[in-house]
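Each chain, written out:
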Amino acid sequence: GAITDAALAGAGKVAALSHRRRPSGQYIGGPKGLDNPQKLAALRRKVTGLAREGEEGRFWYERSSEQILDMVGGDVEEADKLIQAIAVTSPGTPVKANFDYALQAYSQWKAGYPIKSGRFPTRMSEKMVDIFAGNAWEGRKTDDFYNNLMIHIDPERTGPVTGDIWMLRAFGFAKANEMPAPQQYKFMTAETQRIAKQLGWEPHQVQAAIWVNMKARSENVDVKRLTDASSEKLGYISRPNITSRCRKPS
């Protein structure tokens, strides 16, 4: 049903009680200038609006993980490795390029070639060598993007909320070209969980909807088109031709 301004204002008051504040009134972890319950309620209206506008993309994680599992013929271990590769090549990388990098590395591994891929190929390739060898990489258990992508494959591993520059921008942080600091991440996670409770969604679905909407706005495309980006990227890749698409590292 519709979320009324009165309900959001009330939720803002609840949030005001749960967020710690500095003597100046500033909410710890919130964007600069967020220093009273009215501003917090207004921020919640804005971010909830972004989530609702991006509703078409709220199942992004579910759809992507399902397609990845299908792509590898239902092999859970293979899907897990590919999703880990997607996670380690995701920082600072657009969606299509992110999937390209991970799939390229996966194809190289399947073909028996050395792995060389990623926006930062030296560091990222080293991690992917470990991944495909079955070794754990630092941050795996706490990487929310990885855990959220694993939702269709292993729901027990679903993480809380993925935080990135797009979420920072949605919440109005001034330095929104960086990854969130711990207190910013904590603030955004708490607010996203509250929005999820209001809308009757899962927290990762709220984050996905916001993320898709913010990305669509930046690329001047509609939400549905961006939502289909991963589907387009994964849909034309079938298990038999993974290795045939491989590009040998130069």
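The coordinates are above.
Here the structure is a predicted model, which is why all the values come from computation and not from measurement.

Draft legend 1. Examining the overall build of the protein chain more closely. When helices and strands are counted, the protein chain shows twelve helices and zero strands. Mapped from its N terminus to its C terminus, the protein chain presents α and β elements in the order α-α-α-α-α-α-α-α-α-α-α-α. Of all 250 residues assigned to the protein chain, the portion counted as buried reaches 50%. A fraction of 63% describes how many contacts in the protein chain between residues 6 or more apart in sequence connect residues 24 or more apart.

Draft legend 2. Seen up close, the side chain of Thr93. Counting through the fold element by element, Thr93 comes out in the loop between α4 (76-88) and α5 (95-111). Engagement of the side chain of Thr93 in a polar contact is seen with the backbone oxygen of Pro91, the distance being 3.1 Å. The residues contacting Thr93, other than those within four sequence positions of it, are Asn98, Tyr101 and Arg119.

Draft legend 3. Fine view of helix α2 (residues 37-53). The end-to-end C-alpha distance of α2, which contains 17 residues, comes to 24 Å, matching closely the 24 Å that a straight helix rising 1.5 Å per residue would cover. Within α2 the residues assigned to the buried category are Leu40, Ala41, Leu43, Arg44, Val47, Thr48, Leu50 and Ala51. Sitting at the head of α2, Asn36 places a side-chain oxygen 3.0 Å from the backbone nitrogen of Gln38.

Draft legend 4. Inspection of the nonpolar core at higher detail. With 61 residues, the main nonpolar core has Trp60, Leu82, Met128 and Phe187 as its most contacted residues. Apart from residues lying up to four places away in sequence, Phe187 is in contact with His19, Tyr27, Ile28, Gly29, Gly30, Pro31, Leu34, Leu40, Leu43, Phe171 and Phe173.

Draft legend 5. Inspection of the pattern of salt bridges at higher detail. Within the structure shown, the criterion is met by six salt bridges. The residue Lys39 makes a salt bridge to Asp35 at a minimum N-O spacing of 3.1 Å. For Asp35, a relative accessible area of 27% gives the class partly exposed. Glu55 is the salt-bridge partner of Arg58, the closest N and O atoms lying 3.9 Å from each other. Assessed through its relative accessible area of 16%, Arg58 is described here as buried. Relative accessible area serves as the criterion here: at 39%, Glu55 is assigned to the partly exposed category. When salt bridges that share partners are traced, they join Arg44, Glu191 and Arg194 into one network.

Draft legend 6. Layout of the environment of Pro37. With respect to the helices and strands, Pro37 occurs in helix α2. Pro37 gets classed as partly exposed once you look at its relative accessible area, which sits at 25%. When the C-alpha positions of Pro37 and Gly25 are compared, they lie 9.5 Å apart, and in sequence the two are twelve residues distant.

Draft legend 7. Representation of the packing of aromatic side chains. Counted according to the given criterion, the structure contains nine aromatic pairs. Between Trp60 and Tyr61, the ring centres sit 5.2 Å apart and the planes meet at 85 degrees, which makes this aromatic pair edge-to-face. For the pair Trp60 and Tyr61, a shared accessibility class is recorded, and that class is buried. Ring geometry for Trp60 against Phe99: centres 6.2 Å apart, planes inclined by 85 degrees, an arrangement best described as edge-to-face. Of this pair, Trp60 sits in helix α3 (residues 60-71) while Phe99 sits in helix α5, placing them 39 residues apart in sequence. Taken as a pair, Trp60 and Phe99 share a single burial class, namely buried.

Each value, and the rule that gives it
- Residues numbered from 1 in each chain as written.
- Predicted model: local features only at pLDDT ≥ 70, side-chain atom pairs only at ≥ 80, totals over all residues.
- Heavy atoms only, no water.
- Helix = DSSP H or I, 4+ residues; strand = E, 2+ residues; numbered from the N terminus.
- Buried < 20%, exposed > 50% of the residue type's maximum accessible area, 1.4 Å probe, protein only.
- Contact = heavy atoms within 4.5 Å.
- Polar contact = N/O pair within 3.5 Å; in protein donor to acceptor, adjacent residues only side chain to side chain.
- Expected span 1.5 Å × (residues − 1).
- Core = buried A, V, L, I, M, F, W, Y, C linked by side-chain atoms within 4.5 Å.
- Salt bridge = Lys/Arg side-chain N within 4 Å of Asp/Glu carboxyl O.
- Phe/Tyr/Trp six-rings, centres within 6.5 Å; stacked < 30°, edge-to-face > 60°.

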